[in-house]
Amino acid sequence: MTQITPQRPALDALQALDARDPLAHKRAEFLLPPGVIYLDGNSLGALPAAVPARLDHVTRQEWGDALIRSWTANNEGGRDWMALPDRVAAKVARLIGARPHEVAVGDSTSVNLFKALSAALAVADAGRRVILTDADNFPTDLYVAQGLNALLGGRYELRPVPAADLSAHLGPEVAVVMLTQVDYRTGERLDLAAVTAQAHAAGAVTLWDLAHSAGAFEVDLNGAGADFAVGCGYKYLNGGPGAPAFLFVAERHHAAPVALSGWMGHADPFEMARDYAPAAGARRFVVGTPMVLSLSALDTALDVFADVDLGALRAKSLSLTETFMALLDGIPDLTLVTPSDPSRRGSQVSYRHPQAREAMRRLVERGVIGDFRTPDILRFGFTPLYLSHAEVYHAAQAVQDVVQELRA
Ligand SMILES: Cc1ncc(COP(=O)(O)O)c(C=O)c1O
Ligand SMILES: Nc1c(O)cccc1C(=O)C[C@H](N)C(=O)O
């Protein structure tokens, strides 16, 4: 087993950091299995302890007993299902620097990408024909843009370029700049404010995918003047598998056409009017019947953030990722692909390894749960709400051991 050299953080020093951690108490608000170090909250967040009781209440009382009355029952108390998407939207808004009426919650991130990109193209300057994106963007972002463009008769060109070269490609032909803020493989974080300003200076509209941002660190969409954004409910927001996603539309774009104009985004759904008239604000981007069970889980999951200082969240995230990188510095066969500059890093750390798939299999067998991502990436996500520095130490030790085993 490779020895940890003296300049690497020592366990007792990390335990001292944990003792001063202002977020340490949040761990008790999650149910995590014993013997597991969970470094995959960037794929599926852990279960918030209050969620099972909420789901039990929603199924037995709200569904089982109140039945259809729950759609509107107790709306004075703010518990009616009809308004659930709006209540959840308000909780998400705080985490992404938006106002509640600029956020819609529902559907998957992919579907929200479709809605947002349709609207973004509609408000972009007519005559511009390029959708500029990161060549390494998450597949669904690329596929949705390809599908929408085909539907629009191939009017646009989806132009994938390396993230590092974006500014060089911001010409007068660019309609929309569609980017994921934190790269799902490398964990590289783009400067949302700076890129938004560059895109605007070039006359383009921005669409951000915040899948690996929301709930991992503070995002300030309005501070940056961003136009559109989407993100996942099941990663750092801990809403559970398949949780509803969110869509941000800056107020100045609320008049943009609604591509998926469903009755739940109508100004008065139960009027059953023949023609679509949009609801106020981003609620118009809610399409069909709200997914009450999963929205309820997300609603309760978001309460975990109520007393969380987002600056402290970012500080702890950086401390955890920094610690992990320091512990694994110089380990043979591991090539760091995540930027060591903290301002360019999200809340994950990734390494290339020649046997990454097998290495991750062995790690998971030992209870250290991360991800393998093709072709050769070991990916570790760090959720500041439920991870300690001591766990990071033990996880890094397990990585060293597995890497050493595979060399033998
Ligand atoms: C950047 C990014 N966008 C979107 C998604 C997922 O979209 P959906 O929830 O529609 O599967 C993911 C992960 O699954 C992702 O990493
Ligand atoms: N969305 C996922 C799913 O439905 C099954 C398994 C994994 C996922 C993921 O979240 C993948 C993730 N977006 C990633 O960054 O790799």
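Being a predicted model, the structure only gives us computed values, none of them experimental.

**What to know about the sheet that holds strand 10 (residues 246-249)**
If you trace the seven strands from one edge of the open sheet to the other, you get 4-10-9-8-7-5-6, paired in mixed fashion. Each edge of the sheet is formed by a strand with only one pairing partner; in this case those strands are strand 4 (103-105) and strand 6 (157-161). Strand-to-strand, the axes of this sheet are offset by a mean angle of 20°, without reference to chain direction. Where strand 4 lies against strand 10, three bridges are found, and the strand directions are antiparallel. For A104, the partnering residue across the bridge sits in strand 10 and is L247. Set on the sheet, helix 6 (residues 192-201) makes contact with strand 7 (174-180) and strand 8 (205-209); between it and strand 8 the angle comes to about 155°.

**Quick notes on the nonpolar core**
Of all hydrophobic cores here, the largest spans 122 residues; its most connected members are I96, V176, F324 and F380. No other element matches helix 11 (residues 389-407), which puts nine residues into this core. There are two domains that each give this core at least three residues, and those are domain 1 (11-49 + 309-407) and domain 2 (53-303). If we ignore the near neighbours within four places in the chain, the residues touching V176 are L117, A120, L121, A124, V130, I131, L132, V205 and L207.

**Some points on unusual backbone geometry**
Along the chain, T374 connects to P375 via a cis peptide bond; the corresponding omega equals 0°. Here P375 lies in the loop between strand 14 (371-373) and strand 15 (377-381). With a phi angle near 60°, D107 is a residue other than glycine that sits in the positive phi range. Note that D107 resides in the loop between strand 4 and helix 4 (109-123). Relative accessible area serves as the criterion here: at 21%, D107 is assigned to the partly exposed category. With a phi angle near 75°, D333 is a residue other than glycine that sits in the positive phi range. By the secondary structure assignment, D333 is in the loop between helix 9 (310-327) and strand 11 (335-336).

**Observations concerning the packing of aromatic side chains**
Within this structure, the stated rule accounts for eight aromatic pairs. When the ring of F138 is compared with that of Y184, the centres are 4.9 Å apart and the planes differ by 90°; the resulting orientation is edge-to-face. On the criterion of sequence distance, the pair formed by F138 in the loop between strand 5 (130-134) and helix 5 (139-151) and Y184 in the loop between strand 7 and helix 6 is long-range, its members being 46 residues apart. Taken together, the ring pairs connect F324, Y351, F380 and F382 into an aromatic cluster. Stacked on the ring of Y156, the Lys or Arg R129 has its end atom at 5.5 Å from the ring centre. The aromatic ring of F217 is capped on one face by R189, whose charged end is 4.7 Å from the ring centroid.

**Here we look at the pattern of salt bridges**
Across all of its chains, the model carries 29 salt bridges by this definition. The residue R27 makes a salt bridge to E391 at a minimum N-O spacing of 3.0 Å. Note that R27 is positioned in the loop between helix 1 (11-19) and strand 1 (30-31) and E391 in helix 11, a separation of 364 residues in sequence. Judged by its relative accessible area of 12%, E391 falls in the buried class. Where R362 meets E405, a salt bridge forms, and the shortest distance between an N and an O atom there is 3.0 Å. Of this pair, R362 sits in helix 10 (residues 356-365) while E405 sits in helix 11; the two residues are 43 residues apart in sequence, bridging distant segments of the chain. By sharing partners, the salt bridges in this structure join E358, R361, R362, E365, R366 and E405 into a single network.

**Looking at a nonpolar patch on the surface**
Taken together, the side chains of W63, L67, I68 and L293 present a nonpolar region at the surface, about 440 Å² in accessible area. When you line up the elements, L293 lands in helix 8 (residues 292-303).

**Comments concerning the packing of helix 3 (residues 84-96) against helix 8**
In contact at an axis separation of 10 Å, helix 3 and helix 8 are set at 35° when each is read in the N-to-C sense. Crossing hand, helix 3 versus helix 8: left-handed. Along its contact with helix 3, which presents L84, P85, V88, K91, V92 and L95, the element helix 8 presents V292, L295, S296, L298, D299, L302 and D303. A class-by-class count of the residues in the contact of helix 3 with helix 8 yields nine nonpolar, one polar and three charged.

**Concerning the domain arrangement of the chain**
When the parts of a complex come together, some accessible area is lost, and that lost area is often taken as the interface size. Partitioning the chain into domains gives domain 1 (11-49 + 309-407) and domain 2 (53-303). Distance between the C-alpha centres of domain 1 and domain 2: 28 Å. With 32 residues of domain 1 at the interface, the matching set in domain 2 holds 22 residues. Between domain 1 and domain 2 lies a buried interface of about 2100 Å² when both sides are counted; carbon and sulfur atoms form 53% of it. At the surface where domain 1 touches domain 2, the tally comes to one salt bridge. A salt bridge links R344 to E188; the nearest nitrogen and oxygen atoms lie 2.8 Å apart. For the pair domain 1 and domain 2, the interface holds 14 residue pairs in polar contact (both at pLDDT 80 or more).

**Examining the site of ligand 2**
The environment of ligand 2 is made up of S43, F138, Y184, H212, Y234, K235, R373 and R379. Interatomic distance of 3.2 Å between a side-chain N/O atom of H212 and an oxygen atom of ligand 2. Separating a nitrogen atom of ligand 2 from a side-chain N or O atom of K235 is a distance of 2.5 Å. Taking 380 Å² as the accessible area of ligand 2 by itself, protein coverage stands at 59%. For the shell around ligand 2, a count of residues per class yields three nonpolar, two polar and three charged. Each of domain 1 (11-49 + 309-407) and domain 2 (53-303) accounts for three or more of the residues forming the shell around ligand 2.

Reading guide: rules and limits
- Residues numbered from 1 in each chain as written.
- Chains lettered and ligands numbered in written order.
- Predicted model: local features only at pLDDT ≥ 70, side-chain atom pairs only at ≥ 80, totals over all residues.
- Heavy atoms only, no water.
- Pairing = 2+ DSSP bridges.
- Helix = DSSP H or I, 4+ residues; strand = E, 2+ residues; numbered from the N terminus.
- Axes fitted to C-alpha atoms, helices over the stretch in contact; angles between N-to-C directions.
- Contact = heavy atoms within 4.5 Å.
- Core = buried A, V, L, I, M, F, W, Y, C linked by side-chain atoms within 4.5 Å.
- Buried < 20%, exposed > 50% of the residue type's maximum accessible area, 1.4 Å probe, protein only.
- Domains from an automatic or database assignment.
- Phe/Tyr/Trp six-rings, centres within 6.5 Å; stacked < 30°, edge-to-face > 60°.
- Lys NZ or Arg CZ within 6 Å of the ring centre and 35° of its normal.
- Salt bridge = Lys/Arg side-chain N within 4 Å of Asp/Glu carboxyl O.
- Patch = residues over 30% accessible without salt bridge, like charges linked within 9 Å, V, L, I, M, F, W, Y side chains within 5 Å.
- Areas by Shrake-Rupley, 256 points an atom, 1.4 Å probe, with all protein chains shown as cover.
- Left-handed = near helix turned anticlockwise from the far one by under 90°.
- Nonpolar A, V, L, I, M, F, W, Y, C, P; charged D, E, K, R; others polar.
- Buried area = accessible area lost by both parts, 1.4 Å probe.
- Polar contact = N/O pair within 3.5 Å; in protein donor to acceptor, adjacent residues only side chain to side chain.
- Near = heavy atom within 4 Å.

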